[in-house]
Amino acid sequence: MRKTWFSIVTVLVVGALAFVAIRTIYHWTRKPAALATPSPPPVTLPRNRPPTAMRVLFIGNSFIEYSGGLGNIAAELARSAGVKRAPIFEQSTKPFLTLKEQWETTPARARIGEGAWDFVVIQPHMREPMDDPQEMTRLAGMFDAEIRAAGARTVLFETWVYKTNPEQQPDVTQAFQATAASLDADPRNKAINRRVLLARVGEAWSRSLARRPDIRLHFKDNGHPDPAGSYLTACVFYSCFYQRSPVGLPARLFTGGKLWIDLNSDWAGSLQQTAWEATR
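The structure reproduced in this document is the subject of the present report. Nothing here was measured: the structure is a model prediction, and the numbers come from that model.

1. Some points on the packing of aromatic side chains
Between two aromatic rings, the relevant description is the distance of the centres plus the angle of the planes. The final tally for this structure, using the stated rule, is 13 aromatic pairs. Plain terms: the ring middles of F63 and W160 are 4.3 Å apart, the flat faces sit at 5 degrees to each other, and that makes the pair stacked. Remark: W160 occurs in the loop between strand 4 (153–157) and helix 8 (169–184) and F63 occurs in helix 2 (residues 62–65); sequence separation between them is 97 residues. Taking relative accessible area as the criterion, W160 reaches 2% and is therefore assigned buried. Relative to F143, the ring of W103 lies with its centre 5.1 Å away and its plane at 85 degrees, an arrangement referred to as edge-to-face. Pair noted here: W103 is in helix 4 (residues 99–105) and F143 is in helix 7 (residues 133–149), with a separation of 40 residues, a long-range link. The buried category is assigned to W103, whose relative accessible area is 15%. The rings of F58, F63, F89, F119, F157, W160, W205, F237 and F241 are connected pair by pair, giving a single aromatic cluster. Above the plane of the ring of W103 lies R109, whose end atom (NZ or CZ) is 3.9 Å from the centre. A cation over a ring is seen here: K258 above W260, with NZ or CZ 4.3 Å from the ring centre.

In structure tokens, the structure reads:
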């Protein structure tokens, strides 16, 4: 009996040793499988922003948010014109913020970094060009560097002034012109297609108020835009992006299924013409 158990144990031990030996020989003599060369991840554009579209990001505050959203209004104008590059206009906005607060506390920089933008619009608070134009220029330069790195072109949103202070508009316009000139002086922006684009919204408002004081551009708080003011602003941006006149575009615009802009043809025609004159 003891011999039988000894024989069984001996067979098991020898078998185990043989199994280990065979696995060791196989491990050291087999050819390793060729490692697949990893393919680089495909370069993809953010969803729904193809290069065939006109891709714009608006960064600012409630001046952009009023009347259904400036980006939405400008996009509706573009669609109604039948442009070849369909508009994809998006917004990163929060009420009351300055450029410094946009830089430090909002997703604006992350949105810029998404890439796949043609233009990025930066809108300072309406007080910035008067209170500290040098600081506005410094912050605009910081945004411009981010925008340039993302492959887009910077658009400065020249703001209007309070209805009660029209005499301040020339100083505001001058501050924006100085900022644009400072950014253009950067050697990295020397190529013509890298120059900063100045959207002369404030100038368009000033012209319209002087020419047609019956057209109410300001909201009842004397600062924010009424629908006519938003419409005029959208016409300026449409002209900037597409280098086309907005004259003849619709006076009634729906955004999100809601009628936000409902102007008579006389008002709309005057605002369209004024926007084109300010842009050329």
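Still more ground to cover, so stick around.
2. Let's talk about unusual backbone geometry
One non-glycine residue with positive phi stands out, namely F96, at about 75 degrees. Along the polypeptide, F96 turns up in the loop between strand 2 (87–93) and helix 4. In this structure, Q243 takes a positive phi of about 55 degrees despite not being glycine. As for its placement among the helices and strands, Q243 is situated in the loop between helix 10 (227–242) and strand 6 (252–255).

3. Here we look at the side chain of S208
Along the chain, S208 falls in helix 9 (residues 201–211). Given a relative accessible area of 1%, S208 falls into the buried group. Those residues in contact with S208 that lie beyond four places of it in its chain are P213, L217, L232, L271 and T274.

How each quantity is defined
Within each chain, residues carry numbers counting from 1 in the order of the written sequence. Residues qualify for local features only when their pLDDT is at least 70, as the model is predicted, and side-chain atom pairs are given and counted only at 80 or more; totals for whole chains, interfaces and linings, by contrast, use all residues. The basis for the side-chain values is all heavy atoms of the structure; hydrogens and waters are excluded. The criterion for an aromatic pair is that two Phe, Tyr or Trp rings (for Trp, the six-membered ring) have centres within 6.5 Å, with stacked assigned to planes under 30 degrees apart, edge-to-face to planes over 60 apart and tilted to the rest. Helix numbers and strand numbers start at the N terminus; a helix is a DSSP run of H or I with at least 4 residues, a strand a run of E with at least 2. Only protein chains enter the accessibility calculation, which uses a 1.4 Å probe; a residue is then buried when its area is under 20% of its type maximum, exposed when over 50%, and partly exposed in between. Over a ring means this: the NZ of a Lys or the CZ of an Arg is within 6 Å of the ring centre and within 35 degrees of the ring normal. Between two residues, a contact is recorded if the distance between any of their heavy atoms is within 4.5 Å.

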